[in-house]
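Residue-level listing of the chains:
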Amino acid sequence: QDSMPSSSSPILIENEVEVKSGAHTKGVYSISFSASLNLAVTTSHDHTAVVWRGKGEKGWTKTATVLHPSCVFSCMFHPTSSGGKLFATGCEDGGVRLCRVRGRGRDEVEGEMEVDGVDICDEVINEGCGQVRSLSFSPSGTRLAVGCYSEDTLYIYAVQSGERERRGGGEEEGWPACRRIAKLHGAHRTGVNNRVAFSALTFAPPSSPLSTSMMMASVNGGSSSDVTVWTSERQEGEQEEERWNDVHTLSTTALHVKTLAFASSYPAYYLPSPPRVLDRKGGKGREGEGEEGNVGTYLPNVGTDWLAAGCDGGSVMVWQCSTSTSPPSFSTAQVLSGVHSGNISGVTFAVSSDGGSTLLVTGDISGTLCVWRGARPPHSLPSPPALSSPLSPPSFVQMQKVKLNGVLIFDCAFSPSGCAFGIADLNNSQGGYGPHFWQCRGVGKCLAVMQ
């Protein structure tokens, strides 16, 4: 791998990369880190999900394999459930499966545990709706968005914490209950693992000033060069359905948008203060609490977010977003170009260790990773920033570029602390299929790397 010199210290420590060749027998589509444990999961065309365990967010080892009926296109850990041990997978057979890592000896400080296996919930979600191409939990954990290939349909589920159950001489959290509350036809042009993006920020809709509304972004079902921004509206009735209104269409310079991300949805971005769950009337709940009626999260003094769209041809569009208006408002886009040569397939955010910069990492199918540095995150400021009207466009600049020869990056993610970074590699580049893991410097809680 080759690296381009940058004006500041590199974020990804290139000589510390761990290439896990042979962990899968076919290409890897997705990767996700647990919010509170040194665990990761990857999914593949080989019909499996693989659970990984790290020691101090390095030394990643394969600890369990979950066999599925068909290709597994997407995965994500739930942000709060089961102490960071529960994740969901989206499969070509049309099913979403809830899986829970079974382990012992968790270290409350280091977040480490011995993995004994993986339990799978008997109930399969979303059956009969066509192959599941993508899935994503909202940052509060109270919503699950499932993208299906059939008619580019997006299904929204309310997720309610499971009841405590006695098991093995102790008490454990039961499986979450998932109830479909919205079906949006043609709402999301669903490519493999092209997840919808949720924002952690909420706002009060004019029709109900005492309630809170969520926000998400999807690839426009009619024109895949556009991004659709949606806000939620609860419908009271017998079924208590939830209405999602398309409130903005953001145009890009590309033919197709391949991946989306809101900065506030990533734990490595909102360090050191995680958001708290909001109930429907806007009250602050306990940290990590997730019930069906809680629609969003609360970040003190924060009314701005960043939305990034990775596109074909190697371009990335970034908008600043404000929730001080209803519906939320967006700046003109900054176009990041000239670095990537292939379609952008991975986008993720974090914060620098000193809290002074927003970090954006983009990855493409040609094997190039780029780290960009942007403005200071609003939640790290002592008081809410003054917002210009109209909003100023973002101003990200390139920090680091890493070229991985023979690698096809299909997804990327930071661990919640920011001390580790991983990619899903769709190519058989190193004599076998598997993810890559790096140690990081200057991200989140990771001030320096011990030698």
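Rules used throughout
- Residues numbered from 1 in each chain as written.
- Predicted model: local features only at pLDDT ≥ 70, side-chain atom pairs only at ≥ 80, totals over all residues.
- Heavy atoms only, no water.
- Helix = DSSP H or I, 4+ residues; strand = E, 2+ residues; numbered from the N terminus.
- Buried < 20%, exposed > 50% of the residue type's maximum accessible area, 1.4 Å probe, protein only.
- Contact = heavy atoms within 4.5 Å.
- Areas by Shrake-Rupley, 256 points an atom, 1.4 Å probe, with all protein chains shown as cover.
- 1 Å grid on protein atoms, 1.4 Å probe; cavity = no way out; pocket = protein on both sides within 12 Å on 5 of 7 lines; lining within 4 Å.
- Points joined across faces, edges and corners; volume = space filled by probe spheres on them.
- Nonpolar A, V, L, I, M, F, W, Y, C, P; charged D, E, K, R; others polar.
- Disulfide = S-S within 2.5 Å.
- pLDDT = per-residue confidence, 0-100.
- Core = buried A, V, L, I, M, F, W, Y, C linked by side-chain atoms within 4.5 Å.

(A) Region of interest: the overall build of the chain. A tally of regular secondary structure across the chain gives 0 helices and 34 strands. A buried classification covers 59% of the 451 residues belonging to the chain. In the chain, once contacts between residues fewer than 6 apart in sequence are set aside, the share between residues at least 24 apart is 59%. Accessible surface, the chain: about 17,100 Å² in total, of which carbon and sulfur atoms supply 47%.

(B) Region of interest: empty space enclosed by the protein. Applying the stated criterion to the full structure yields 3 cavities of 30 Å³ or more. Considered as a void within the structure, the largest cavity measures approximately 580 Å³ in volume. Lining the largest cavity are 37 residues, and of these Ser32, Met76, Ser265, Tyr266 and Pro267 lie nearest its centre. Of all elements in the fold, only β3 (28–33), β7 (72–77), β11 (132–137), β17 (197–198), β21 (257–262), β28 (344–351) and β32 (409–414) reach the threshold of two or more residues within the lining of the largest cavity. The biggest single contributor to the lining of the largest cavity is β32, with 5 residues. The residue makeup of the lining of the largest cavity, split by class, is 24 nonpolar, 11 polar and 2 charged.

(C) Focus on the state of the cysteines. Applying the stated criterion across every chain, the model contains 0 disulfides. Cys121 takes part in no disulfide bond, and the closest cysteine sulfur to it belongs to Cys178, at a distance of 8.1 Å.

(D) Spatial organisation of the confidence of the model for the chain. Within the chain, residue pLDDT values average 85, and 82% of them lie at 70 or more. At the low end of the mean pLDDT range in the chain sits strand β1 (residues 2–4), at 41; at the high end sits β3, at 98. For the stretch residues 278–295, pLDDT sits under 50, and the model shows 61 contacts to residues farther than four places along the chain or on other chains.

(E) Seen up close, unusual backbone geometry. Following Ser326, the chain continues to Pro327 via a peptide bond in cis, the omega torsion being 0°. Structurally, the position occupied by Pro327 is in the loop between β25 (316–322) and β26 (329–330). Although it is not a glycine, Asp152 adopts a positive phi angle of roughly 50°. For Asp152, the position within the fold is in the loop between β12 (143–148) and β13 (154–160). Of note, the phi angle at Asn193 is positive, near 60°, even though the residue is not glycine. For Asn193, the location among the structural elements is in the loop between β16 (177–184) and β17.

(F) A look at the nonpolar core. Counting 20 residues, the largest nonpolar core has Ile11, Leu12, Leu369, Leu404, Phe414, Phe421 and Ile423 as the members making the most contacts within it. Breaking this core down by element, the ones donating at least two residues are β29 (358–364), β30 (368–373), β31 (397–403), β32 and β33 (420–425). The element that contributes the greatest number of residues to this core is β32, accounting for 3 residues.

(G) View of the side chain of Ser225. By the element assignment, Ser225 lies in the loop between β18 (215–219) and β19 (226–234). Given the relative accessible area of 16%, Ser225 is considered buried. Here Ser225 is in contact with Leu250, Ser251, Thr252, Ala254, Leu255, His256 and Val257, once residues within four sequence places are set aside.

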